[in-house]
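Here's the letter readout for the chains.
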Amino acid sequence: MVERVVATDATLEFIHYLKDIHGPLMFHQSGGCCDGSSPMCYQQGELNIGDQDVLLGHIADCPFYIAKDQYQYWKHTQLIIDVVAGRGGMFSLEGPEGKRFLTRSRVFTNEERAELGLT
């Protein structure tokens, strides 16, 4: 089955580290300016999810949401969440760790698009 969002091995390892500290986590990709243009990591339930958010999938058993308007731009791509050195978003849990989450992407193949029901 094609996944809409995946994470690198380094990201999965780092998420488990954050889960050990903070408990259950969630992610949101809003696509806004400043901090919102990066995937943001929160304690589960810390961010209110609404009708304008789409559950894209899970990484390390953490729900990953994207704003509905951003989903329209990204729906033909698989999001690949990576972690790199640097300052993360000021409201995202990885910030104090000297790391930040980063979204990379790749376009789905024709076969994957068909499986996902994308035209």
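Residues numbered from 1 in each chain as written. Predicted model: local features only at pLDDT ≥ 70, side-chain atom pairs only at ≥ 80, totals over all residues. Heavy atoms only, no water.

If you check an unreviewed UniProt entry, the protein chain appears there as Acetaldehyde dehydrogenase from Alkalihalophilus marmarensis DSM 21297.

A.B. asks: Can you explain the overall build of the protein chain? Please cite residues and give values.
C.D. replies: Along its length, the protein chain carries 3 helices and 7 strands. Each helix and strand of the protein chain, ordered N terminal to C terminal, gives the series β-α-β-β-β-β-α-β-β-α. Along the first, second and third principal axes, the C-alpha atoms of the protein chain reach 40 × 30 × 25 Å. The proportion of buried residues among the 119 residues of the protein chain is 40%. For the protein chain, the share of sequence-separated contacts (at least 6 apart) that also reach a separation of at least 24 residues comes to 56%. Counting every atom, the protein chain has about 6,700 Å² of accessible surface; 51% of that belongs to carbon and sulfur. In the protein chain, 10 side chains carry a positive charge and 16 a negative one; their mean positions are 6 Å apart. (Helix = DSSP H or I, 4+ residues; strand = E, 2+ residues; numbered from the N terminus. Buried < 20%, exposed > 50% of the residue type's maximum accessible area, 1.4 Å probe, protein only. Contact = heavy atoms within 4.5 Å. Areas by Shrake-Rupley, 256 points an atom, 1.4 Å probe, with all protein chains shown as cover. Lys, Arg positive; Asp, Glu negative; His and termini not counted. Charge placed at Lys NZ, Arg CZ, Asp CG, Glu CD.)

A.B. asks: So what about empty space enclosed by the protein? Which residues, and what values?
C.D. replies: Sizing a probe to match a water molecule and rolling it over the atoms shows the empty space that remains. Throughout the structure, instances matching the rule amount to 1 cavity of 30 Å³ or more. What lines the largest cavity is simply Arg4, Leu56, Ile66, Tyr71, Trp74, Lys75, Thr77 and Leu79. Put simply, the parts of the chain that give the lining of the largest cavity at least two residues each are α2 (68-74) and β6 (77-85). Across the lining of the largest cavity, the residue classes tally to 5 nonpolar, 1 polar and 2 charged. (1 Å grid on protein atoms, 1.4 Å probe; cavity = no way out; pocket = protein on both sides within 12 Å on 5 of 7 lines; lining within 4 Å. Points joined across faces, edges and corners; volume = space filled by probe spheres on them. Nonpolar A, V, L, I, M, F, W, Y, C, P; charged D, E, K, R; others polar.)

A.B. asks: An account of the nonpolar core is requested, with residue identities and associated values reported.
C.D. replies: Counting 21 residues, the largest nonpolar core has Ile15, Phe27, Ile59, Phe64, Ile81 and Phe101 as the members making the most contacts within it. Sorting the residues of this core by element identifies β1 (5-7), α1 (9-22), β2 (25-29), β4 (53-59), β5 (62-67) and β6 as the ones contributing at least two each. Among all residues touching Ile15, those that are not within four sequence positions of it are Leu25, Phe27, Ile59, Ala60, Cys62 and Phe101. (Core = buried A, V, L, I, M, F, W, Y, C linked by side-chain atoms within 4.5 Å.)

A.B. asks: Tell me what's going on with α1, and back it up with residues and numbers.
C.D. replies: The terminal C-alpha atoms of α1, which comprises 14 residues, lie 20 Å apart, in line with the 20 Å expected from a rise of 1.5 Å per residue. Those residues of α1 not exposed but buried are Thr11, Phe14, Ile15 and Leu18. End-on, the buried residues of α1 take up no more than an arc of 105°, which puts them together on one face. Opposite the packed face of α1, turned more than 90 degrees from it, sit the exposed residues Asp9, Glu13 and Asp20. One or two residues past the end of α1 sits Gly23, with phi positive at roughly 85°. (Expected span 1.5 Å × (residues − 1). Arc of directions from axis to C-beta.)

A.B. asks: Let's hear about the pairing of β4: which residues, and what values?
C.D. replies: The pairing of β4 with β5 spans 6 bridges and is classified as antiparallel. Within β5, the position partnered with Asp53 by the bridge is Ala67. Here β4 folds back onto β5, and the loop between the two strands holds 2 residues, one of which, Ala60, carries a positive phi near 50°. (Pairing = 2+ DSSP bridges.)

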